[in-house]
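Residue-level structural notes
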Protein chains: 2
Amino acid sequence: MMLRQHEVAERIKQYILQNRLGPGDPLPTEAELCAAVGASRSSVREAIKTLTALDIVEVRHGHGTYVGRLSLAALVESLTFRGLLSRSDDFRVLSELVQVRQTIEQGLAGPILAAFDDGIHGELLDLADQMAERAARGESFIDQDREFHLLLMEPLGNELITQLTAAFWDVHAIVAHTLDTSPESVRETVEAHHAIVAAVSAGDVTAFTRAIEAHYAPVRRRLQEGPGR
Amino acid sequence: MMLRQHEVAERIKQYILQNRLGPGDPLPTEAELCAAVGASRSSVREAIKTLTALDIVEVRHGHGTYVGRLSLAALVESLTFRGLLSRSDDFRVLSELVQVRQTIEQGLAGPILAAFDDGIHGELLDLADQMAERAARGESFIDQDREFHLLLMEPLGNELITQLTAAFWDVHAIVAHTLDTSPESVRETVEAHHAIVAAVSAGDVTAFTRAIEAHYAPVRRRLQEGPGR
DNA sequence: CTGTATTTGTCCGTATGTATG
DNA sequence: GCATACATACGGACAAATACA
């Protein structure tokens, strides 16, 4: 037979497309897939592994195979590994990542402020306050930070941007994990989040842009002063 | 033994990290990897499949296994499949993608113009001219378009941005493949590229921003008028 | 709670395709 | 053409997880 592995994966994708399946929908069992695509179980399993890595399919042990959520988990995996691999290498990956995150958030200033919403504003302010409280107690506030940046993008209704934001945040958190956080940087970060909320509620684009820049200033400083730590 | 699949992949990644390997460096053979991580060939092969999908490892049939190029191929795969899956669904994915591309290019206006370079300017102008010529002959100019947008980002020296630009362009080309191109849209697109070059050489940020917006105007229009075709 | 059936996970043995010398 | 080393493919057997009667 000699079906290429790539072709097996392609046929499974075709199966999903032709049957108009969506995330969560069940796929045939491995045995049925073998018969359907005309390959051995090993080959089918390897193709499924490839598709699983891309979150195109999702496998539950002892239960079945399903269409995946089509998240950007693969991007996170890929970028974090790059960050870990080039750790000696100047924090270059993190530096590049910060520029991307800042560019996207600043570039979307207009649309974000245009899609302003009172409910969102309340939630943002609440999160910023929580971050201040936790920081005062010397606790970490990474969960609130993640939620904050996601909430900022949510009103846009652009799912790709939301997922990219989440993915970049995740990579940042993993790659920057070793960066020490001085009390001053923490204070600066907390203040920046409050400034962002204020700019959003005031509808002030330039203030928003400045606040985003201030938000990333501590990391940028840290990256400049000592790449190799 | 019962090693989780995920752990096998993790151990292979650890191997790469601990041995300070980089793209192109050879990995042990399958048999050696089996002994190293303590798993069967099947399990190791499936783990390798996962890592291959992320371009963390690269396999050459009959030759060996190597560290991959760490490209964003997985992102392209993932996003294109999403686009194909929701094709009926309003071209929503393409619409979101256009906003991301435009945001990044406009948001980087400052840094791009700051990193201006005569050599780049000449190449950009050359590409824009080629596009005009090919358009006049009714030919496609997608290769020149891709090169143009990559060249625009190159002076930044941010490899992540370069790869994201390439990935987004690739997804756009695949997902928008069915979009018909009216002669007027083509003319508009060609003009936009010349306007971008002019703005870059003049160092005019607002002109650059306007040119980028004009560049994506035809697609946006097409997306608005008829989602389902 | 206890089997039992179904489904995925792991392993092994063997044969085949592919590149190198 | 041949030998070697490697990845690829196949089929069968058993283990582990889940669901259900």
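Residues numbered from 1 in each chain as written. Chains lettered and ligands numbered in written order. Predicted model: local features only at pLDDT ≥ 70, side-chain atom pairs only at ≥ 80, totals over all residues. Heavy atoms only, no water.

Under the definition given, this model contains zero aromatic pairs over all chains. Here the guanidinium or amino end of Arg 60 of chain A rests over the ring plane of Tyr 66 of chain A, the centre of that ring lying 4.1 Å away. (Phe/Tyr/Trp six-rings, centres within 6.5 Å; stacked < 30°, edge-to-face > 60°. Lys NZ or Arg CZ within 6 Å of the ring centre and 35° of its normal.)

As a further point, take the domain arrangement of chain A. By domain assignment, chain A separates into domain 1 (5-67) and domain 2 (73-225). The distance between the C-alpha centroids of domain 1 of chain A and domain 2 of chain A comes to 36 Å. (Domains from an automatic or database assignment.)

So, about the pairing of strand 2 (residues 64-67) of chain B. Strand direction decides the pairing type here: strand 1 (residues 57-60) of chain B and strand 2 of chain B, joined by four bridges, are antiparallel. For Glu 58 of chain B, the partnering residue across the bridge sits in strand 2 of chain B and is Tyr 66 of chain B. (Pairing = 2+ DSSP bridges. Helix = DSSP H or I, 4+ residues; strand = E, 2+ residues; numbered from the N terminus.)

Another aspect to go through is unusual backbone geometry. The phi angle at Arg 20 of chain A is positive, at roughly 55°, despite the residue not being glycine. With respect to the element layout, Arg 20 of chain A can be found in the loop between helix 1 (5-18) and helix 2 (30-37).

Here we take up the nonpolar core. By size, the foremost hydrophobic cluster in this structure holds 85 residues, and its most contacted members are Leu 75, Phe 168 and Phe 208 of chain A together with Leu 75, Phe 168 and Phe 208 of chain B. Aside from chain neighbours lying at most four places away, what touches Phe 208 of chain A is Glu 105, Ala 109, Ile 112, Leu 113, Leu 152, Ile 196, Ala 199 and Val 200 of chain A. Judged by nonpolar contacts, the second largest core, of 46 residues, contains Leu 17, Ala 47, Leu 54 and Leu 70 of chain B. (Core = buried A, V, L, I, M, F, W, Y, C linked by side-chain atoms within 4.5 Å. Buried < 20%, exposed > 50% of the residue type's maximum accessible area, 1.4 Å probe, protein only. Contact = heavy atoms within 4.5 Å.)

In this section: the interface of chain A and chain B. Contact with chain A, which involves 42 residues of that partner, is made by 42 residues of chain B. Carbon and sulfur atoms make up 66% of the area that chain A and chain B hide from each other, which totals about 4200 Å². When the buried area of chain A at its contact with chain B is split by residue, Phe 81, Arg 82 and Leu 160 of chain A rank highest and sum to 16% of it. Between Arg 45 of chain A and Glu 46 of chain B there is a salt bridge, and its shortest N-O distance comes to 2.8 Å. At the junction of chain A with chain B, the criterion picks out 21 residue pairs in polar contact (both at pLDDT 80 or more). For the side of chain A that touches chain B, the secondary structure elements donating two or more residues are helix 1, helix 3 (41-53), helix 4 (73-85), helix 5 (92-107) and helix 9 (159-175) of chain A. No other element matches the nine residues that helix 4 of chain A contributes to the side of chain A that touches chain B. Among the residues forming the side of chain A that touches chain B, the class breakdown is 23 nonpolar, ten polar and nine charged. (Buried area = accessible area lost by both parts, 1.4 Å probe. Salt bridge = Lys/Arg side-chain N within 4 Å of Asp/Glu carboxyl O. Polar contact = N/O pair within 3.5 Å; in protein donor to acceptor, adjacent residues only side chain to side chain. Nonpolar A, V, L, I, M, F, W, Y, C, P; charged D, E, K, R; others polar.)

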